Amino acid sequence: MNLNVLLNKLKANGYKTTEQRKVILQVLVSNDQNLISVETILSKSKEMNPKTNMSTVYRNLEILEKLDLLYKVIAENGMTLYKLACSDKHHHHLICKGCGKTEVIDFCPLKSLIQLSKEKNFNLTEHKLELYGYCKDCEYNKKQP
Ligand SMILES: [Zn+2]
Ligand SMILES: [Zn+2]
Ligand SMILES: [Zn+2]
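First things first, this report covers the structure right here in the doc. Sequence order sets the numbering: in each chain, residues are counted from 1 along the sequence as written. Written order decides the labels, with chains lettered from A and ligands numbered from 1. Under the rules for a predicted model, residues below a pLDDT of 70 receive no local features and side-chain atom pairs below 80 are neither given nor counted, while totals for whole chains, interfaces and linings still include all residues. Side-chain numbers here rest on the full set of heavy atoms in the structure, without hydrogens or water.

With respect to the coordination of the zinc ion (ligand 3)
Here is step 1: Looking at the zinc ion (ligand 3), one finds its protein donor set to be His-90 (NE2), His-92 (NE2), Cys-108 (SG) and His-127 (NE2), positioned 2.0 to 2.2 Å from the metal centre.
Here is step 2: Here a donor is any nitrogen, oxygen or sulfur atom (N, O, S) within 2.8 Å of the metal, with 3.2 Å used for Na, K and Ca; water is not among the atoms considered, so some sites may look incomplete. Just to be clear on the cut-offs, tetrahedral is four donors with all angles between 85 and 135 degrees, square planar is four donors and octahedral six with opposite donors over 155 degrees apart and all others between 65 and 115, and anything else goes down as irregular. Around the zinc ion (ligand 3) sit 4 donor atoms, and with donor-metal-donor angles ranging over 98 to 117 degrees the site reads as tetrahedral.
Here is step 3: Motif for the zinc ion (ligand 3), donor spacing along one chain: H-x1-H-x15-C-x18-H. Linking Cys-108 in the loop between strand 5 (102-105) and helix 5 (111-119) with His-127 in the loop between helix 5 and strand 6 (130-133), this pair joins segments that are 19 residues apart in sequence.
Here is step 4: Of the residues examined, Cys-108 reaches a relative accessible area of 10% and is grouped as buried. Runs of H or I in DSSP of at least four residues are treated as helices and runs of E of at least two as strands, each being numbered from the N terminus. When a residue's accessible area, from a 1.4 Å probe over protein chains only, is under 20% of the maximum for its type it is buried; when over 50% it is exposed; and in between it is partly exposed.

Here you go:
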């Protein structure tokens, strides 16, 4: 999802474009494959606009969540990590519980289940599948004493 698409979606729902909103969305757009914490969103936003504050970040995350444009995961350490929801073609993710890095799985492994639901005359409309674990770096760090 690019910035303009996002801003237009927000506009269509009555949220006007402010400088701070633009900056926060820009940070999310440039990290759209990895999950990041609200602290990271804030510090990166501040680099572009020092006036950005925590409550603005939270407010914007809330709006994105309400519009189904946000994806969030609770990481290992209890921290909530965020990224933009994916809008491109159907795919799945490998998600690292340690650092929030995600890897795209570009094919759908559930084809046979979809076929099966057809045979059962069940109108399957959607499914979600995310695979959780640890990336190479986090796996390595875990093994260090
Ligand atoms: Zn994705
Ligand atoms: Zn990791
Ligand atoms: Zn699938």
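Quick look at the pattern of salt bridges
Here is step 1: By salt bridge we mean one thing: a side-chain nitrogen of Lys or Arg within 4 Å of a carboxyl oxygen of Asp or Glu. Summed over all chains, the structure comprises 5 salt bridges.
Here is step 2: The closest approach of N and O atoms between Lys-22 and Glu-19, which form a salt bridge, is 4.0 Å. With Lys-22 and Glu-19 both in helix 2 (residues 19-30) and 3 residues apart, this pair spans about one turn of that helix.
Here is step 3: Take Lys-22: its relative accessible area is 32%, and that puts it in the partly exposed class.
Here is step 4: A salt bridge links Lys-142 to Glu-139, with the nearest nitrogen and oxygen atoms 3.9 Å apart. Taken as a pair, Lys-142 and Glu-139 lie in helix 6 (residues 136-143) at a separation of 3 residues, close to a single helical turn.

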